[in-house]
Amino acid sequence: QVQLVESGGGLVQAGGSLRLSCVASGIIFRFRTMGWHRQAPGKQRELVASITPGGTTNYADSVKGRFTISRDNTKNTVYLQMNSLKPEDTAVYYCNDQRGYLQPWGQGTQVTVSS
């Protein structure tokens, strides 16, 4: 059974940093393009970053240059380093594969950025 467990969120001031982690089980992790998605109140969930099995990364324009996605295939873990955080980054952050096909989604981790 698929299990996605996100952690690392919190409350931070604008300009601060956070590092999110997600441990995945029940999948062949090393073959998956993984992604970090986020959902802000009243908005649709959006993909903010993805990383292929080989380590190629892609970012939404809104986070490019500030966020860095990485993975450790030996630990079935994907990370999101978030720097220069802005209030508009406030959301619940989830990991999933790039297209959001893994079910069920994890509980997510709340990131709140104060101005």
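So, how was this worked out
- Residues numbered from 1 in each chain as written.
- Predicted model: local features only at pLDDT ≥ 70, side-chain atom pairs only at ≥ 80, totals over all residues.
- Heavy atoms only, no water.
- Salt bridge = Lys/Arg side-chain N within 4 Å of Asp/Glu carboxyl O.
- Helix = DSSP H or I, 4+ residues; strand = E, 2+ residues; numbered from the N terminus.
- Buried < 20%, exposed > 50% of the residue type's maximum accessible area, 1.4 Å probe, protein only.
- Pairing = 2+ DSSP bridges.
- Axes fitted to C-alpha atoms, helices over the stretch in contact; angles between N-to-C directions.
- Polar contact = N/O pair within 3.5 Å; in protein donor to acceptor, adjacent residues only side chain to side chain.
- Contact = heavy atoms within 4.5 Å.

## Examining the pattern of salt bridges
Here the idea is simple: oppositely charged side chains can pair when their charged atoms come close.
Point 1. In this structure the tally under the stated criterion is five salt bridges.
Point 2. In this structure, the salt-bridge partner of Glu46 is Arg38, at a minimum N-O distance of 2.8 Å.
Point 3. Here Arg38 makes a salt bridge to Asp89, at a shortest N to O gap of 3.0 Å. Here Arg38 is found in strand 4 (residues 34-39), whereas its partner Asp89 is found in the loop between strand 8 (77-82) and strand 9 (91-97), with 51 residues between them in sequence.
Point 4. We classify Arg38 as buried; its relative accessible area is 6%.
Point 5. Here the salt bridges share partners, and the residues they tie into one network are Arg38, Glu46, Arg66 and Asp89.

## Description of the sheet that holds strand 3 (residues 18-25)
Point 1. Within the open sheet, the four strands sit side by side as 1-3-8-7. Their pairing is antiparallel. The sheet terminates laterally at strand 1 (3-7) and strand 7 (67-72), the two strands that pair on one side only. If you compare each strand with its neighbour and ignore which way they point, the axes differ by 15° on average.
Point 2. Of the strand pairs in this sheet, strand 1 and strand 3 are connected by five bridges, and their pairing is antiparallel. Bridge pairing in strand 3 places Ser7 opposite Ser21.

## Structural notes on the side chain of Arg38
Point 1. Among the polar contacts made by the side chain of Arg38, one reaches the side chain of Glu46 at a distance of 2.8 Å.
Point 2. In this structure the side chain of Arg38 is engaged in a polar contact, spanning 3.5 Å, whose partner is the side chain of Ser62.
Point 3. When neighbours within four sequence positions are excluded, Arg38 is seen to be in contact with Gln44, Arg45, Glu46, Val48, Ser62, Val63, Phe67, Glu88, Asp89, Ala91, Val92 and Tyr93.

## A word on the pairing of strand 9
Within a regular strand, side chains alternate between the sheet's two faces.
Point 1. Counting buried positions over the seven residues of strand 9 gives seven, a clear majority of the element.
Point 2. As defined by bridge partners, strand 4 adjoins strand 9 across six bridges and the pair is classed as antiparallel. Directly across from Met34, in strand 9, lies its bridge partner Asp97.
Point 3. Where strand 9 and strand 10 (residues 109-114) come together, three bridges link them in antiparallel fashion. The partner of Val92 across the bridge, within strand 10, is Gln110.

## Remarks on the environment of Thr68
Point 1. By the secondary structure assignment, Thr68 is in strand 7.
Point 2. Residue class for Thr68 comes out partly exposed when judged on its relative accessible area of 42%.
Point 3. Note: C-alpha distance between Thr68 and Met82 (14 residues apart in sequence) is 6.6 Å.
Point 4. Here Thr68 is in contact with Tyr59, Tyr79, Leu80 and Gln81, once residues within four sequence places are set aside.

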